[in-house]
Amino acid sequence: MARMPREQWYDIARDLDWELSYVDHEAVFPEWHSGQGKIPREAWARWDESYKISYPEYVATQREKEAGAYSVKAALQKSKVFDQLDEGWKSVAKEHFGATAAIEDMAVYAELRMARFGLSPAWRNMAMFGALDETRHAQIGLQFAHELVGKDPQYDWANKAYQTNEWGIIAARATFDGMMMTPNVVDTAVQLPFTFETGFSNVQFVALAADALESGDINFANMISSIQTDEARHAQQGGPTLEILMEHDPRRAQWIVDKTFWTSARLFAILTGPGMDYYTPVEMRKQSYKEFMQEWIAEQFLDQIRDYGLKRPWYWDEFIAGLDTWHHSLHLGVWYWRPTVWWKPQGGVSPEEREWLNEKYPNWEKQFGWMWDVIIENINSGRMEQTLPETLPWLCSLCHLPVGTAASPNNDKYPVRSYPLKHNGHTYHFCSRTCRQIWWEDKDTLHDPTVIERLLAGEIQPPTVEGILAWMGLTPDVMGDDAYGYRWAKAYVPAAAAAS
Amino acid sequence: MTDVMPERPARRLKTWSSLGKLRRLPSEYEIVTHGMNYTTRTGRFAALESNPTTPTNMWFLTYRDHSPLRAEDWSGFRDPDELTYRKYVTIQDEQETVVEGILDEYGPLAHDQSLEPEWIEFLSTVFTPTRFPAHALQMSTAYMAQMAPSSYITNCALFAGADLLRRVSLVAYRTRQLNDATSGVAGIGVREREVWQAHEAWQPARQMLEYLLVAYDWGECFTAMNLVVRPSLDSVLLTQAAELAHAGHDELTWLLLSNLAADWARVERWSTGLARHAIEQRGENREVMLHWIDRWAPRADAAVSSLAGLLAAVPGGPDQGEVVANAVAARDRVIAAAGITG
Ligand SMILES: [Fe+2]
Ligand SMILES: [Fe+2]
Ligand SMILES: [Zn+2]
C-alpha cells in the first residue's frame, strides 16, 4: 500500500492561519517586512502555487538528484578532464563560482524571510522548500569548486569573493541585496523568483550547461543542470504573489518588475556577456550574447509580463540597444583592470575572433575595434604598462559598474558620458538615465558610496593601485591576467602578418 | 601597476583560505558551510550594500549585531550532526520511508476505526490541532535561521524549520485519515483551528507561541524557543503523548510521534552545543541566557500545566502534576546540557 494521494491532505497542510489574540497582527507581520501595502488581508487566501510538492516527495526527489549529481562528480574525479579544459572556459567557471555561491546562500535568507513574513501560509511553506533548494545550490557549487582549489587558487574565490570589497562583488551585492534583502517580502517575491529567477537565472543555467558541455566540462554541466531543475520549481512563488499585487496595486508591480529587470540586465552584461562572447573558445560558441538575450531573455520576459497585464518597461529601447554595447564595454573594462578580478579574462580579439565579433555585431569595429588596436599595438611593442590601469574608473551610483559601460565610444545615441544628479549638495554619477531614474525613486535605501567615492574620501589607504587591490582582497596569486598570456595579439605582429 | 603583475608566487591551497587556521583538513560539512553569510563579513559598513539606515540594515544591527548574546567567533560553532543538504535529505527520506512503513502496517482505516471515542476525542484535541503550533514554530525557526550570526547556525535552524514542515505535513496527513475513519463525526479535520483558538487548555501555549513570533532578538528567539519552549512543549505533545498512545494501544500514534521526537532530539543536540559555544566564547552569555530563561520558563510552565490536564483526562491517563514534572525535568535537562545550570 502506498500513501494517500497528496491532493487528499495537502490543503490541510497549508491551512495554517489563525486570528492572533495576544500580539498585534502588525507586530507579527511588520509592514516593511511583509509589504501588505494596498492589498487587503483576505486577498492572501487566494495565494496558490501551481507546482505542488509535499515534504516526503521533496526529500525523496532531492535525495535522488543529489545522489545523481555527486556520482557523476565521483566518476570524473580521477579523469584528466579538468587539465584539458580551455583557460578561457575555466574563466567562465571561476567567475560563475565566485559570483554565485554566496548569492545562492543569500537567496536562502530571502526564502527564509518569505517563510517567516509571507502573508499566506501556503507561500510560507513553499518558501521553506525554496530555502532548502538554495542551500543545496550554495553547497553543491562550493563542493565542486573546492575540488579545484589545489590546482588553482582562483577557485578559492567561490568561498571568498563576497567577503571582500572587490568592485564587481560590490556591484553584485548592491543588485542582489536590493532584489532579495532590502525590500519587503512581496517585492522580494516579484523581484527574485519572478523577475530574476524566471527571467534570467533559469534560462542562463540552461545556456551555461550547454556551453559547458560544448567545452567538455561535463562536471560543470552536470552541476548546473541539476541546479536548474530546482529553480524551475521555487521560482513559481513569484507568479501567485504578482497576481495578487496586480489586482490591488498594479503601479507598484510595474515599478518593481521594471527596475529589477534593468539592474539584473546590467549585472548580466558583466556576469554572462564577456564569458559568452570572449572567453568561450570561438568554435564552441552556440549563440552570441546578444542572440541569447534577445531570444531567451527579452522575448520571453515580454511574453511573461504581458500574461500578467504588465506593460513593456519604459527603457526598453535603451536596453535593446545596450545588447550591442554594454557587455563589450564591460569586457574591455574587465580586461584592462584584470588584476582586480579573480579569473583570467581572455582578450578574445584575435583576427579570427574579431571576424566572429564583426559578424555578430556589425558595429563592433567602429565602436570597439580601434581601442583594441591600441591595446594590441602596446602588447606587441612590449609596452605592457600601458595596457594596465593606474587608478579606478568612475562608477555608477546605482549599478556600481563603471560609468561609460552602458555606452560605447563612437555611439551617437548612447555615447560615453556620465549622467550626473545633484542632490543635497552632492553630485552623483550614473551610467545611464535609467540608473539615475531608479536611484532617484529609491534614493533613501540606495545611498551607498561607490569604490571611487570611498577612494576619494580617503577610506582606501594607501590610495595607490596596490592599496586598492589589497583593499579589494586580491592577493598576487589570484589577480587576473590574460588567459592566454597575450598569445591572441601575436597574429597582429607585422612580421607574422607578412609571413602568412 | 605593472610591478604587481608578473610574479605569481606559487601557493598551493589545500582548502578555502578562510579555513586556513584549521590545521587539519576540513570535513565536507565545513567546506560547504563555512563563511557563507556575507552580511556578517568583517569590515562591513552595514549588513547590506545599501544605506546603513534602511529598515533591514537597522534590523540586523539591532536584533543580531547588538543582541545581548554576543561572541567573538560564531563561526567556531559546529553542528554535532554535521548536517549538509545532501545528508539532510538522505536521512529524512529514510525517516519518511520508515513512516510510510508504519502507515502501511496499521492499515489506517481498520486501525483508526478500532479507536475508542474517548481516545478519538483526545486525538482531535491534543494531536490534530498541533499543525498550528508546529507552524508557529516553523515561522520562528525560519526567523532564527535568517538572523543567526553564522552560516553554521543558520543551516542548523534551517533544517529544524524544514523538520517542522515535515511535522505539519504528517499531522495533516493523519488528520485526513482520521476524518475518513470517523466520517467526520468526531470533528477531526474540522475543528482544529477552533480548538487551537478557543479551547481553554491551549490558550497559554498559543499565547507563548504568539509572543515567540515577536521575540525578534535572535539570541532571545533561540534561547526561548530551543532551550525553553520546545523542550517543555514537545515533552508533552511528542514524548508524553506518545507514551499515552502506547499505553492506550494506539500503536500508530505512538510510532509516529516517536519518529517526530527524533527530529527534536537532533535540534536539542545542536542547541545545547550552541549555548555551550556561546558561553565558551564569553562567560557573560550564561547570564544573558539565564535572564531569558527566567522570562520564558513561567510561560512554558503555564502552557504545559494547562495541556497536562488534557492528558490527565484520558481514562487511565497520567496524573496532571506528573506530566508537568516530566516537562520541567525535560527542560532542566536541556538547560543543564547547555552548560547554563548545574
Ligand atoms: Fe539557486
Ligand atoms: Fe533559485
Ligand atoms: Zn548604472
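Presented here is a report on the structure given in the accompanying data block.

Rules behind the numbers
Residues numbered from 1 in each chain as written. Chains lettered and ligands numbered in written order. Predicted model: local features only at pLDDT ≥ 70, side-chain atom pairs only at ≥ 80, totals over all residues. Heavy atoms only, no water. Helix = DSSP H or I, 4+ residues; strand = E, 2+ residues; numbered from the N terminus. Rg over C-alpha atoms; globule rule 2.2 N^0.38 Å. Buried < 20%, exposed > 50% of the residue type's maximum accessible area, 1.4 Å probe, protein only. Contact = heavy atoms within 4.5 Å. Areas by Shrake-Rupley, 256 points an atom, 1.4 Å probe, with all protein chains shown as cover. Lys, Arg positive; Asp, Glu negative; His and termini not counted. Charge placed at Lys NZ, Arg CZ, Asp CG, Glu CD. Donors = N, O, S within 2.8 Å, 3.2 Å for Na, K, Ca; no water. Tetrahedral: all angles 85-135°; square planar, octahedral: opposite > 155°, others 65-115°. Patch = residues over 30% accessible without salt bridge, like charges linked within 9 Å, V, L, I, M, F, W, Y side chains within 5 Å. Salt bridge = Lys/Arg side-chain N within 4 Å of Asp/Glu carboxyl O. Polar contact = N/O pair within 3.5 Å; in protein donor to acceptor, adjacent residues only side chain to side chain. Nonpolar A, V, L, I, M, F, W, Y, C, P; charged D, E, K, R; others polar. Pairing = 2+ DSSP bridges.

**Some points on the overall build of chain A**
A tally of helices and strands in chain A yields 23 helices and two strands. Its C-alpha atoms give chain A a radius of gyration of 24 Å, near enough to 23 Å, the size a compact globule of 500 residues would have. Dimensions along the principal axes, computed over C-alpha positions, put chain A at roughly 80 × 60 × 45 Å. The buried share of chain A, reckoned over its 500 residues, is 66%. Long-range contacts, defined as pairs at least 24 residues apart, comprise 77% of the intrachain contacts of chain A with a sequence gap of at least 6. Counting only carbon and sulfur atoms, one obtains 54% of the accessible surface of chain A, whose full area is about 17,400 Å². Within chain A, the 69 negative side-chain charges are centred at a point lying 1 Å from the centre of the 47 positive side-chain charges.

**Topic: the environment of Tyr 55 of chain A**
Along the polypeptide, Tyr 55 of chain A turns up in helix α4 (residues 55-76). Between the C-alpha atoms of Tyr 55 of chain A and Asp 442 of chain A, which are 387 residues apart in sequence, the distance is 39 Å. Setting aside chain neighbours within four positions, we find Tyr 55 of chain A in contact with Phe 129 of chain A together with Tyr 88, Gln 92, Glu 96, Ala 162, Asp 163, Arg 166 and Ser 169 of chain B.

**Considering the coordination of the zinc ion (ligand 3)**
For the zinc ion (ligand 3), the full set of protein donor atoms is Cys 396 of chain A (SG), Cys 399 of chain A (SG), Cys 431 of chain A (SG) and Cys 435 of chain A (SG), and the range of their distances to it is 2.3 to 2.4 Å. Considering all four donor atoms around the zinc ion (ligand 3), the spread of angles at the metal, 100 to 116 degrees, places the coordination shape in the tetrahedral class.

**As for unusual backbone geometry**
Residue and element names in this part refer to chain A. A cis geometry characterises the amide bond from Gln 461 onward to Pro 462, with omega recorded as -10 degrees. In this structure, Pro 462 sits in the loop between α21 (451-456) and α22 (465-471). Within the chain, His 400 stands out as a residue other than glycine whose phi angle is a positive 65 degrees. Residue placement: His 400 occurs in the loop between α18 (364-380) and β1 (419-423). Overall, His 400 belongs to the buried group, its relative accessible area being 3%.

**Focus on the coordination of the iron ion (ligand 2)**
All names here are of chain A. With distances of 2.0 to 2.4 Å, the protein atoms coordinating the iron ion (ligand 2) are Glu 134 (OE), Glu 197 (OE), Glu 231 (OE) and His 234 (NE2). Every donor counted, the four donor atoms about the iron ion (ligand 2) form angles of 87 to 141 degrees at the centre, which fits irregular coordination. Counting residues between consecutive donors of the iron ion (ligand 2) along the chain gives the motif E-x62-E-x33-E-x2-H. The two metals, the iron ion (ligand 2) and the iron ion (ligand 1), are separated by 3.1 Å and share Glu 134 as a common coordinating residue. Of the two residues, Glu 134 sits in helix α6 (residues 121-146) while Glu 231 sits in helix α10 (residues 218-234), which places them 97 residues apart along the sequence. According to the relative accessible area criterion, Glu 134 is buried, its value standing at 1%.

**Side note on a negative patch on the surface**
A surface patch of like charges, here negative, comprises Glu 283, Glu 352, Glu 355 and Glu 359 of chain A. By the element assignment, Glu 359 of chain A lies in helix α17 (residues 351-360).

**Considerations on the side chain of Arg 230 of chain B**
Residues and elements named next belong to chain B. The residue Arg 230 is located in helix α10 (residues 218-247) in this model. Judged by its relative accessible area of 3%, Arg 230 falls in the buried class. In this structure Arg 230 touches Leu 137, Leu 164, Arg 167, Met 225, Ser 235, Trp 264 and Val 267, once residues within four positions along its chain are discounted.

**Re the interface of chain B and chain A**
With 90 residues of chain B at the interface, the matching set in chain A holds 98 residues. On inspection of chain B and its partner chain A, the count reaches seven salt bridges. Measuring nitrogen to oxygen at the nearest pair gives 3.0 Å for the salt bridge that ties Glu 100 of chain B to Arg 3 of chain A. Put simply, chain B and chain A have 44 residue pairs in polar contact (both at pLDDT 80 or more) between them. At the level of secondary structure, the elements contributing two or more residues to the side of chain B that touches chain A comprise α1 (28-33), α2 (55-65), α3 (85-105), α6 (131-147), α7 (151-181), α8 (192-198) and α9 (203-213) of chain B. For the side of chain B that touches chain A, the residue count by class is 40 nonpolar, 29 polar and 21 charged.

**A look at the pairing of β1 of chain A**
All names here are of chain A. By the alternation rule, side chains of β1 split into Tyr 419, Leu 421 and His 423, which are all buried, and Pro 420 and Lys 422, of which none is buried. By the bridge criterion, five bridges tie β1 to strand β2 (residues 426-430) in an arrangement that is antiparallel. Counted as the bridge partner of Lys 422 is Thr 427 from β2. Connecting β1 to the antiparallel partner β2 that follows it, the hairpin turn spans two residues, and Asn 424 within it adopts a positive phi of roughly 50 degrees.

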